[in-house]
Amino acid sequence: MPKTADLPTPALLLHEPALSQNIQAMQAKADQLGLHLRPHVKTHKMPALAQRQWDTGATGLAVATLHEATMMREAGFTDIQVANEVIQPAAVQQFRNLSEQGRLRCAVDSIAGLERLNEAFQRSRYPAEVLLDIDTGLRRAGLSSQEDALTLAHAIRQYPNVKLTGLMTHGGHSYGSADPATLQGYAQAEQNQLEATAQALQQAGFPLDTVSIGATPLLPYLQP
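Residues numbered from 1 in each chain as written. Predicted model: local features only at pLDDT ≥ 70, side-chain atom pairs only at ≥ 80, totals over all residues. Heavy atoms only, no water.

Student: Looking at this model, I keep getting lost on the overall build of the protein chain. Mind explaining?
Tutor: From N to C terminus, the protein chain includes seven helices and six strands. Reading the secondary structure of the protein chain in the N-to-C direction produces α-α-β-α-β-α-β-α-β-α-β-α-β. Against the globule reference of 17 Å for 224 residues, the protein chain gives a C-alpha radius of gyration of 18 Å, in line with a compact fold. Dimensions of the protein chain, computed from the C-alpha atoms along their principal axes, are close to 60 × 45 × 30 Å. A total of 224 residues make up the protein chain; the buried ones form 43% of that total. Per element, the accessible surface of the protein chain, about 12000 Å² overall, is 52% carbon and sulfur. If you average the places of the 17 positive and of the 21 negative side-chain charges in the protein chain, the two averages end up 5 Å apart. (Helix = DSSP H or I, 4+ residues; strand = E, 2+ residues; numbered from the N terminus. Rg over C-alpha atoms; globule rule 2.2 N^0.38 Å. Buried < 20%, exposed > 50% of the residue type's maximum accessible area, 1.4 Å probe, protein only. Areas by Shrake-Rupley, 256 points an atom, 1.4 Å probe, with all protein chains shown as cover. Lys, Arg positive; Asp, Glu negative; His and termini not counted. Charge placed at Lys NZ, Arg CZ, Asp CG, Glu CD.)

Student: Help me out: how do you make sense of the pattern of salt bridges in this one?
Tutor: Side chains that carry opposite charge are capable of pairing whenever their charged atoms lie near each other. Under the counting rule described, the total for this entry stands at nine salt bridges. Taking the shortest distance from any N to any O, the salt bridge between Glu-129 and Arg-103 comes out at 2.8 Å. Linking Glu-129 in strand S4 (residues 128-133) with Arg-103 in strand S3 (residues 103-108), this pair joins segments that are 26 residues apart in sequence. Here Arg-139 ties to Asp-135 by a salt bridge, and the two come within 3.1 Å at their closest N and O atoms. Its relative accessible area of 62% is what places Arg-139 among the exposed residues. According to the relative accessible area criterion, Asp-135 is buried, its value standing at 8%. In this structure, a network of salt bridges that share partners links the residues Arg-103, Arg-105, Glu-129 and Asp-209. (Salt bridge = Lys/Arg side-chain N within 4 Å of Asp/Glu carboxyl O.)

Student: Before we go on, may I ask you to explain the pairing of strand S2 (residues 79-85) in this structure?
Tutor: Every regular strand shows the same layout, with side chains that alternate between the two sheet faces. For S2, a buried count of five out of seven residues is recorded, marking the element as mostly surrounded by other parts of the structure. Note that strand S1 (residues 61-63) and S2 share three bridges and pair parallel. Within S2, the position partnered with Ala-62 by the bridge is Gln-81. Crossover handedness for the path S2 to helix H4 (residues 89-99) to S3: right-handed. (Pairing = 2+ DSSP bridges. Right-handed = clockwise from strand over helix to strand, strands pointing away.)

Here it is in structure tokens:
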């Protein structure tokens, strides 16, 4: 085995025991809560590690970019969630092409996003599957109120090539805190907001198969 000082840089060094422990711990927590785990691969970007997460019990993958989605699709993963809006025309077309090869979903929070997806999927075998992006505190993107979510959900019905399948959020604001009480408050608020929004949508006649929550710092504080 080469010495660290002899490795060409940049080089990725992984501590195998910590890696295995983290994969097992995340899956065990999801199992305890009765949740499906969808690991976000934007940090490692490695199909081999994604496969280990999948083999441990993950039911899908989340990605940040369509480049990551393409890489994971080429590695054989068939259920991928783009945890961002897809707006730029070339990206929308790439999203459509990847959707032909297996389940692929993206976030949406605007009429402009719906219009571009609907147009791109006019001659597709399947509709564009989307999740409403709910802002739970990061203030980067997403719908800030239950009323906004209901409004956009009703708007989706006007676009025959777009299908609403769920909700998602990213509590990225939680990464700025290490205080357990603060993190517990963030987790409870996020969970309550998503559950209330999902209930309102279902009562309005929108079937949902996914409510995606849980930034890494919040996972220990989520409740069944």
